Amino acid sequence: MGISRRQFFYGTAATTAVAFTAQTARANTCTMPTQARQAALTPQGVVEELMAGNQRFVSGNMVNCDLNAQVLQTAEGQYPIAAVVGCIDSRVPPEMVFDQHIGDIFSARIAGNFVNSDILGSLEFACRVAGAKAIVVLGHSACGAVKGAIDQVELGNLTDMLAKIEPAVQAVGPIADRSSKDSDLVQRVADANVALTVAAITAESAVLADMVAGGELVVVGAMHNVATGEITLLG
Ligand SMILES: [Zn+2]
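Residues numbered from 1 in each chain as written. Predicted model: local features only at pLDDT ≥ 70, side-chain atom pairs only at ≥ 80, totals over all residues.

J.: Now, about the overall build of the protein: what can you tell me, with residues and values included?
T.: In terms of helices and strands, the protein carries 11 helices and five strands. Counting over 235 residues, the protein shows a buried share of 32%. Sequence-distant contacts in the protein: of pairs separated by 6 or more residues, those separated by 24 or more amount to 74%. (Helix = DSSP H or I, 4+ residues; strand = E, 2+ residues; numbered from the N terminus. Buried ≥ 20, exposed ≤ 12 C-beta atoms within 10 Å, placed from the backbone. Contact = placed C-beta atoms within 7 Å.)

In structure tokens form, the structure reads like this:
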């Protein structure tokens, strides 16, 4: 079947329109972090922006903004939209998996993505002082720290650190065979660990709890699948 001249031109016009829309969307998502952008986003809007960024990441349509331009843009100040409590794992860099810019995310990373007073203080700075409107506790699949906690690994300072994840192991209920070889158990503990960290943030920080109560901040849990790059919200 041949393509008529009319169809051809319509097709070309449609393609151009799609290309223009994609280009416009790309330009919009490439918008540099500014005070106006930070001010315009609601806490829930920030979460939606991060999830949209993850969809760009998963589909290979990341915005290739000019990193050096971002450095120049943020040299005089920063207007971050979110703070992420993530794992130190090499596969889950928050800025990349949420497809965000330099200047968008405060990133606290520690094996097993839990909080202590130092990380809570950092989050208080990120949100109360610097203006971030969403905290994402970002766990991930196949987490080595979770596996280590399940197996009760003992090694130098790691022993004490893994004890911080023990409450998540306990939270999943009776375990017949406590072994990290059980991948379902590893995932259930990782999910529980995120939920416990989300709860701890407002339970242990009056500053952040006040912001949540006042509608200035949301705290959400999320799970990153290291096999697909996809992030899903929990809870
Ligand atoms: Zn991990």
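J.: So what's going on with the pairing of strand β5 (residues 231–234)? Which residues, and what values?
T.: Bridge count for strand β4 (residues 218–224) against β5 is four bridges, and the pairing is antiparallel. By the bridge assignment for β5, Met223 is matched with Thr232. Hairpin geometry of β4 and β5 is characterised by an intervening segment of six residues between the two adjacent antiparallel strands and by a positive phi of about 85 degrees at Gly229. (Pairing = 2+ DSSP bridges.)

J.: Talk me through the sheet that holds β4; I want residue IDs and the actual numbers.
T.: Taking strand neighbours across the sheet as the criterion, the five strands line up as β2-β1-β3-β4-β5 in an open arrangement whose pairing is mixed. Edge positions in the sheet fall to β2 (105–109) and β5, since each of these pairs with one other strand and no more. Across the sheet, the mean angle separating the axes of adjacent strands is 25 degrees when strand polarity is ignored. Bridge count for strand β1 (residues 82–86) against strand β3 (residues 134–140) is five bridges, and the pairing is parallel. Across the sheet, the residue bridging to Val84 is Val136, located in β3. (Axes fitted to C-alpha atoms, helices over the stretch in contact; angles between N-to-C directions.)

J.: Hey, could you go over the nonpolar core for me, with residue numbers and the actual values?
T.: Counting 50 residues, the largest nonpolar core has Ala82, Ala83, Cys127, Ala134, Ile135, Val136 and Val146 as the members making the most contacts within it. Residue contributions to this core peak at nine residues, all from helix α10 (residues 183–204). Excluding residues that lie within four positions of it along the chain, Ile135 makes contacts with Ala83, Val85, Leu123, Cys127, Ile201, Leu217 and Val219. (Core = buried A, V, L, I, M, F, W, Y, C linked by C-beta atoms within 7 Å.)

J.: Just give me the short version of helix α6 (residues 117–129), but keep the residues and values in it.
T.: With 13 residues, α6 should reach 18 Å at 1.5 Å per residue; the first-to-last C-alpha distance of 17 Å fits that figure. Here α6 has its buried residues at Ile119, Leu123, Ala126 and Cys127. The arc that holds the buried residues of α6, viewed along the axis, is 85 degrees, so those residues lie on one side. Residues of α6 that are exposed and point over 90 degrees away from its buried face: Ser117, Asp118 and Val129. Check the buried side of α6 and you find it contacts β1, β2, β3, α10 and α11 (206–213). Phi for Gly131, located one or two positions after α6, is positive at around 95 degrees. (Expected span 1.5 Å × (residues − 1). Arc of directions from axis to C-beta.)

J.: Just give me the short version of the packing of α6 against α11, but keep the residues and values in it.
T.: α11 packs onto α6 with a crossing angle of 35 degrees between their chain directions and a minimal axis gap of 9 Å. Between α6 and α11 the crossing geometry is left-handed. Seen from α6, the contacting residues are Leu123, Glu124, Cys127 and Arg128; seen from α11, they are Val207, Leu208 and Met211. In the contact of α6 with α11, the residues fall into five nonpolar, no polar and two charged. (Left-handed = near helix turned anticlockwise from the far one by under 90°. Nonpolar A, V, L, I, M, F, W, Y, C, P; charged D, E, K, R; others polar.)

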